[in-house]
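# A structural walkthrough
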Amino acid sequence: MIRDITLGQYYSADSILHRLDPRTKIMATLIFIIELFLVKNFIGFAVCGAALAVCVVLSKVPLSFILRGLKPIFMILAFTFFLNIFMVDGHEIFRWKFIKITTEGIYLALFMSIRLILLIISSSVLTLTTKPIALTDGLEKLMAP
């Protein structure tokens, strides 16, 4: 299980992203995360996903290695997905006793799941392409007065 957590691990490769200054990567990731929380529709997520896909390709980190980082959060993702589907009020699609599925619930469940997946992948790309000491030095330089 511990091998599946890619957040915080460094993947050695010779890529454009690996050679970037850590401060640039930290700021770009921060801006990307803020962007994810400002997006209000699926078109925005498609644009963010495309930008993230370009970063993944440029990083030269295998996609399977990056996606392995989603395995530990799968249970949280599934829980929030089903919680949103069954607990959000709106136009009912299906009802059986106390269980109801609404269009708004499905929309919100997909929306939150995509946001969480993009958030984890973007954070993983940052840590996979930056050595921990370089990340620490970059944060120190960014936070310096």
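In case you missed it, the structure is sitting above this.
A brief structural summary. (Residues numbered from 1 in each chain as written. Predicted model: local features only at pLDDT ≥ 70, side-chain atom pairs only at ≥ 80, totals over all residues. Heavy atoms only, no water.)

This part takes up the state of the cysteines. Summed over the entire model, instances satisfying the criterion amount to zero disulfides. In this model Cys55 remains outside any disulfide bridge; the closest cysteine sulfur is found in Cys48, 11 Å from its own. (Disulfide = S-S within 2.5 Å.)

The next thing to look at is the environment of Asn41. Secondary-structure assignment places Asn41 in the loop between helix 2 (22-38) and helix 3 (42-59). Beyond its immediate chain neighbours, meaning those up to four positions away, Asn41 contacts Tyr107 and Phe111. At 2.8 Å, the side chain of Asn41 and the backbone nitrogen of Gly44 are in polar contact. (Helix = DSSP H or I, 4+ residues; strand = E, 2+ residues; numbered from the N terminus. Contact = heavy atoms within 4.5 Å. Polar contact = N/O pair within 3.5 Å; in protein donor to acceptor, adjacent residues only side chain to side chain.)

This part covers a nonpolar patch on the surface. A contiguous nonpolar surface patch, about 780 Å² in accessible area, is contributed by Met27, Leu30, Ile31, Ile34, Leu38, Leu139, Leu142 and Met143. Looking at the nonpolar patch, the elements with two or more residues in it are helix 2 and helix 7 (132-143). In terms of residue count, the dominant contributor to the nonpolar patch is helix 2 (five residues). Positionally, Met143 belongs in helix 7. Residue class for Met143 comes out exposed when judged on its relative accessible area of 68%. (Patch = residues over 30% accessible without salt bridge, like charges linked within 9 Å, V, L, I, M, F, W, Y side chains within 5 Å. Areas by Shrake-Rupley, 256 points an atom, 1.4 Å probe, with all protein chains shown as cover. Salt bridge = Lys/Arg side-chain N within 4 Å of Asp/Glu carboxyl O. Buried < 20%, exposed > 50% of the residue type's maximum accessible area, 1.4 Å probe, protein only.)

A few words now on the pattern of salt bridges. As enumerated under the stated definition, the model contains three salt bridges in all. The partner of Arg19 in a salt bridge is Asp14, with the nearest N and O atoms 2.6 Å apart. Taking the shortest distance from any N to any O, the salt bridge between Asp89 and Lys100 comes out at 2.6 Å. Taken together, the positions of Asp89 in the loop between helix 5 (74-87) and strand 1 (92-96) and Lys100 in strand 2 (residues 99-102) put the pair 11 residues apart, joining distant regions of the chain.

Turning our eyes to something else, we now look at the pairing of strand 2. In this structure, strand 1 lies alongside strand 2, joined through four bridges in antiparallel fashion. If you follow Phe94 over to strand 2, its bridge partner there is Ile101. Counting the residues in the hairpin turn of strand 1 and strand 2 gives two residues, including Lys97, whose phi is positive at 55°. (Pairing = 2+ DSSP bridges.)

Once that is clear, we can look at the packing of aromatic side chains. Considering all chains together, one arrives at seven aromatic pairs under this definition. Ring geometry for Phe82 against Phe86: centres 6.2 Å apart, planes inclined by 15°, an arrangement best described as stacked. Here Phe82 pairs with Phe86, and both are found in helix 5, just four residues apart, close to one helical turn. The exposure class assigned to Phe82 is partly exposed, which follows from its relative accessible area of 46%. Note on Phe86: relative accessible area 33%, which makes it partly exposed. Taken together, the ring pairs connect Phe42, Phe45, Tyr107 and Phe111 into an aromatic cluster. (Phe/Tyr/Trp six-rings, centres within 6.5 Å; stacked < 30°, edge-to-face > 60°.)

Now for the nonpolar core. Counting 20 residues, the largest nonpolar core has Leu36, Phe45, Cys48, Ile66, Leu118, Ile121 and Val125 as its most contacted members. Among the elements that line this core, the one with the most residues is helix 6 (residues 103-128), at seven residues. Excluding its chain neighbours within four sequence positions, the residues that come into contact with Cys48 are Phe32, Glu35, Leu36, Val39 and Leu118. (Core = buried A, V, L, I, M, F, W, Y, C linked by side-chain atoms within 4.5 Å.)

Moving on to helix 3. The periodicity of an α-helix, 3.6 residues per turn, causes residues three or four places apart in sequence to face the same way. Across its 18 residues, helix 3 extends 25 Å between first and last C-alpha, which sits within 8% of the 26 Å expected from 1.5 Å per residue. Buried residues of helix 3: Gly44, Phe45, Cys48, Leu52, Val56 and Ser59, and no others. Seen from one end, helix 3 has its buried residues packed into an arc of 110°, which puts them on one side. Set apart from the buried face of helix 3 by more than 90 degrees, the exposed residues are Ile43, Val47 and Val57. Residues of helix 3 that are buried make contact with helix 1 (16-19), helix 2, helix 4 (63-68) and helix 6. Where helix 3 begins, one side-chain oxygen reaches toward the backbone nitrogen of Ile43, 3.4 Å away; that side chain belongs to Asn41. (Expected span 1.5 Å × (residues − 1). Arc of directions from axis to C-beta.)

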